[in-house]
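Architecture at a glance
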Amino acid sequence: MAKYPFESIEKKWQKRWEDEKTFAAAEDPSVPKEKRRYVLDMFPYPSGAGLHVGHPEGYTATDIYCRFLRMRGYNVLHPMGFDAFGLPAENYAIQTGTHPEVTTMANVDRFRTQIKSLGFSYDWDREVSTCTPDYYKWTQWIFLQLFKRGLAYESEMPINWCPSCKTGLANEEVKDGLCDRCHTKVTRKRIRQWVLKITAYADRLLDGLDGLDWPEPIKLMQRNWIGRSEGASVHFELEGHEEKLEIYTTRPDTLFGATYMVLSPEHPYVEHITTLEQKAAVAAYVEAAARKSDLERTDLAKEKTGVFTGAYAINPVNGAKIPVWISDYVLISYGTGAIMAVPAHDERDWDFAKAFGLPIIQVVAAPGETGPFDKTPDKCTAADGFAVNSGKFDGLPTDQAIAQVTAWLAEKGIGKKAVNYKLRDWLFSRQRYWGEPIPVVHCEKCGIVPLDEKDLPLLLPEVKSYAPTGTGESPLANIPEWVNTTCPCCGGPAKRETNTMPQWAGSCWYYLRYLDPKNADAFVDPAKEKYWMPVDLYVGGAEHAVLHLLYSRFWHKVLFDIGVVSDDEPFRRLVNQGMILGEDNQKMSKSRGNVVNPDDIVRDFGADSMRVYEMFMGPLQVSKPWSTAGLVGVSRFLERAWATSEKPIAGIAPSAEHLKLLHKTIKKVTLDTDTLNFNTAISQMMIFLNEVSKLDSLPRALWEPFVVMLAPYAPHLGEELWERLGHAAGVSKVAWPAYEEALTLDDEKEIVVQVNGKIRDRFTATAGGAEDALRETALALPKVREWTEGKQIAKVIVVRDKLVNIVVKG
RNA sequence: GCGAGAGUGGUGGAAUGGCAGACACGCUAGACUUAGGAUCUAGUGCCUUACGGCGUGAGGGUUCAAGUCCCUUCUCUCGCACCA
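Report follows, based on the coordinates. None of the values given here were measured: they were computed from a predicted structure.

**Considerations on the overall build of chain A**
Helix and strand counts for chain A stand at 27 helices and 31 strands. Dimensions of chain A, computed from C-alpha atoms along their principal axes, come out at roughly 100 × 90 × 50 Å. Looking at chain A residue by residue over its 810 residues, the buried ones come to 53%. Once local pairs closer than 6 in sequence are excluded, the contacts in chain A between residues at least 24 apart make up 72%. Accessible area for chain A stands at about 35100 Å²; split by element, carbon and sulfur atoms hold 52% of it. The distance from the centre of the 96 positive side-chain charges to the centre of the 108 negative ones in chain A is 2 Å.

What follows is the structure in structure tokens.
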């Protein structure tokens, strides 16, 4: 069989789609809201390596879905763009001196060409790149809105620092103590930085998840990342000091069991509450803790360490004098940086108390446990139970004890209900060149002054050297003529902010710019925003679970609060595509040599084979290994479709059997495409073609619907086959075929006959036949009688159109 | 350690509690040929000459009937990891 001429077919149709702007989306007001869909792909970072086979997976899925929706009468917005600021281009610039803009734009061109070669139905007039001034003008504009609302602030605190990337990192960018990008060990560094107050939105980011159609694991990861906990804050008096020590606990019911206190080594009280005798030991411990990275503090600190400060606190519930220690198992960044230690009911406190011989008092007993409770417990238990050794709270179950102790604390004015989050504010500044300049100046008189909105964009200046200074300042700091400016407020001398924004900034809102990409007066026209938003389906990798997807939701809520978007959640439905692994079942990587280049596949097998194969590999959401042999199978399917199309088309009616197969196929392909189960839809089309390709001539009524269904999957071939059927207008505008339920049903069914659950025989019967008749037929079968002879029939189960199960005894 | 997800032929995978292995790859045999990443036909879970038996990580359970529901357990992947 001749290889079908995919090279010429694909070129021909791609050109036609481009020339005719076939997939341009317009805000047609006559289309009701429920017939509009915004289907979004996670846009790529245009790396120097070019497109990877992983990219087209999600892109093909959304493309098939969009083409399917259009054929079913939806107005579809399906755009593509580029996440174009980022470190690789800048690192390349450092090595070669080539401006990152030059390499980035070259990479964007290459990516665009590669993406177009796969025949995706994007509206290319809406393409955006986050690094162009007309785009980042609005990224800077959003930053100014954050600043004006007090959601962007300067801070100087120890942060995560990647010595290789020479920049600060957000908590979300650190995995296992390593830089998420380059896997270098992260250190701690104290520098001035910009921080976004994402914690102000913690509750809304948490609550908003409930209404989203997202994979549960992703929602759970965001919930865990936000890490809301409820408890109480309690003030402890410090013996001989004016100030009180505030702690946070989720278990105020265990207050009577607090036998010591622990401060984080960074806690502001440490210095002045430490007694003279303890000064040297405490100072040494604090210094050692400061030198350790977070990784060392957690990973290596299996053994609890700490030092007594010499100070004592007073337990407010019983007046007991308890020692105050410092230890690095208490984190300065969570709660108040200080805890009450209840060793009997907290593993960490238990370990610490055991290591330093501190007292342990049981204050919670397991349900049913009987006293006496005056012994030192021999193990730690964090489980709920009822209060003991707790004065008037004795006997209360844990939940009630928590409520009553909290109420009692509030009444006495020594504590109150409190909520804490694991989520930290978002470290937003990068000490690098290739990012959006932060649009503020530092004025000696006026302090931090935002630029006027009319002065945006604040352009990235040219620099001689792209190399980061490594001192915590970006290369921009080395350009005095750019740094030195005048204050927009007082007109006096001022210095520009030299930090830039992280890569996440541009990707936080790109889905909004697609709606109105060329608008010079607003980041989006409100009418256009209302027309399309929110995004109906967002497809991308799961690696952004707590990065992009959390940041975007945060910005979107802020934009909602200032009234420029109409929903407070941007992405209604999210689907994560699985990873495509190498043929060796390992993650694709240059070093393993198992990388598959999409260009090679398109060249050798065509874009349609590539598309259909990636969808046929298995469910979209799971990881699966690439197999070029498997791709050949799909390629054969398309070749068979081509070969079959060369048979004469007949105006005759299809046989009843073929008609039934057609309607079954339409039903399955329709349902499976709608639910993104592309692999089984393709399988059904294969079954159909395997039958129809046996015919000598093709009934038009059989072949046309097949070509239409194939078109979203293999659009080039679909268009070509449609044209060969004598149609002038493109197949992408044709209505999706309908099926008749009655024609999908079989007239005859094979009935399985089981004896005690084992299949012994089968027979055919008219569909929908009476159960009695099925039972009688089954019992009369000779093979069945062999198995039932001499035995007592206890029960006969009949499932209409499916089976008869005869239960025998003896 | 905690949390989530997944374990089905030689391979990718399919199965509203009702015929396990659809579809595809690979393999075996045959046909054909303009020798191609061909095509066509038949076969292909394991054991057994057969009758039949056994089979969805392992072990229990519920049910007339379990890959599917419940319990226990193992392995792998991902996320979090002293968050008081």
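**Focus on the environment of His241**
Among the secondary structure elements, His241 is positioned in the loop between strand S8 (229–238) and strand S9 (244–249). Residue His241 is classed as partly exposed on the basis of its relative accessible area, which comes to 25%. Put simply, His241 and Arg67 are 174 residues apart on the chain and 72 Å apart in space, counted from C-alpha to C-alpha. Among residues more than four places away in sequence, those in contact with His241 are His272 and Ile273.

**Section: the pairing of strand S31 (residues 803–809)**
Each regular strand shows side chains that alternate between the opposite faces of the sheet. Buried residues dominate S31, accounting for five of its seven residues. Taken together, strand S30 (residues 792–799) and the strand that follows it, S31, pair antiparallel across an intervening segment of three residues, in which Asp801 is found at a positive phi of about 65°.

**Details of the sheet that holds strand S23 (residues 574–576)**
Strand order in the open sheet formed by four strands is S2-S1-S22-S23, and the pairing between neighbours is parallel. A single partner strand is all that each edge strand has here, and the edge strands are strand S2 (75–77) and S23. Here the strands of the sheet are splayed against their neighbours by 20° on average, with no regard to which way each runs. Where strand S22 (residues 537–540) meets S23, three bridges bridge the pair, whose relative direction is parallel. Within S23, the position partnered with Val539 by the bridge is Val575.

**A look at the side chain of Asp346**
Structurally, Asp346 is set in the loop between strand S13 (338–341) and helix H11 (347–356). The class of Asp346 is buried, set by a relative accessible area of 17%. Only 2.5 Å separates the side chain of Asp346 from the side chain of Arg348, close enough to count as a polar contact.

**As for helix H9 (residues 279–291)**
For H9, with 13 residues, the first-to-last C-alpha span of 19 Å sits near the 18 Å given by 1.5 Å per residue. For H9, the set of buried residues is Val282, Tyr285 and Ala289. End-on, the buried residues of H9 take up no more than an arc of 65°, which puts them together on one face. The exposed residues of H9 that point more than 90 degrees off its buried face are Ala280 and Arg291.

**A few points about unusual backbone geometry**
For the bond from Leu456 to Pro457, the omega torsion is 0°, close enough to zero to count as cis. By the secondary structure assignment, Pro457 is in the loop between strand S19 (447–450) and helix H13 (480–483). Note that the residue after Met533, namely Pro534, is joined by a cis bond; omega there is -5°. Tracing the backbone shows Pro534 in the loop between helix H16 (526–532) and S22. At Leu676, a position not held by glycine, the phi torsion is positive, near 65°. Here Leu676 lies in the loop between helix H21 (656–674) and helix H22 (678–692). In this structure Leu676 comes out as buried when scored by relative accessible area, which is 3%. Even without glycine at this site, Asn756 takes up a positive phi of about 50°. Along the chain, Asn756 falls in the loop between strand S28 (748–755) and strand S29 (758–766).

**Some remarks on the pattern of salt bridges**
For the coordinates displayed, the defined rule picks out 50 salt bridges. The closest approach of N and O atoms between Glu720 and Lys12, which form a salt bridge, is 3.0 Å. Here Lys12 lies in helix H1 (residues 6–20) and Glu720 lies in helix H24 (residues 715–724), a separation of 708 residues in the sequence. Among the ionic pairs, Arg762 bridges to Glu750, the shortest N-O distance being 3.6 Å. Note that Arg762 is positioned in strand S29 and Glu750 in strand S28, a separation of twelve residues in sequence. Relative accessible area serves as the criterion here: at 46%, Glu750 is assigned to the partly exposed category. Among the ionic contacts, a cluster of salt bridges with common partners joins Arg204, Arg553, Lys557, Asp561, Asp568 and Glu569.

Thresholds, definitions, all that
- Residues numbered from 1 in each chain as written.
- Chains lettered and ligands numbered in written order.
- Predicted model: local features only at pLDDT ≥ 70, side-chain atom pairs only at ≥ 80, totals over all residues.
- Heavy atoms only, no water.
- Helix = DSSP H or I, 4+ residues; strand = E, 2+ residues; numbered from the N terminus.
- Buried < 20%, exposed > 50% of the residue type's maximum accessible area, 1.4 Å probe, protein only.
- Contact = heavy atoms within 4.5 Å.
- Areas by Shrake-Rupley, 256 points an atom, 1.4 Å probe, with all protein chains shown as cover.
- Lys, Arg positive; Asp, Glu negative; His and termini not counted.
- Charge placed at Lys NZ, Arg CZ, Asp CG, Glu CD.
- Pairing = 2+ DSSP bridges.
- Axes fitted to C-alpha atoms, helices over the stretch in contact; angles between N-to-C directions.
- Polar contact = N/O pair within 3.5 Å; in protein donor to acceptor, adjacent residues only side chain to side chain.
- Expected span 1.5 Å × (residues − 1).
- Arc of directions from axis to C-beta.
- Salt bridge = Lys/Arg side-chain N within 4 Å of Asp/Glu carboxyl O.

Worth remembering: the numbers are spatial, not functional.
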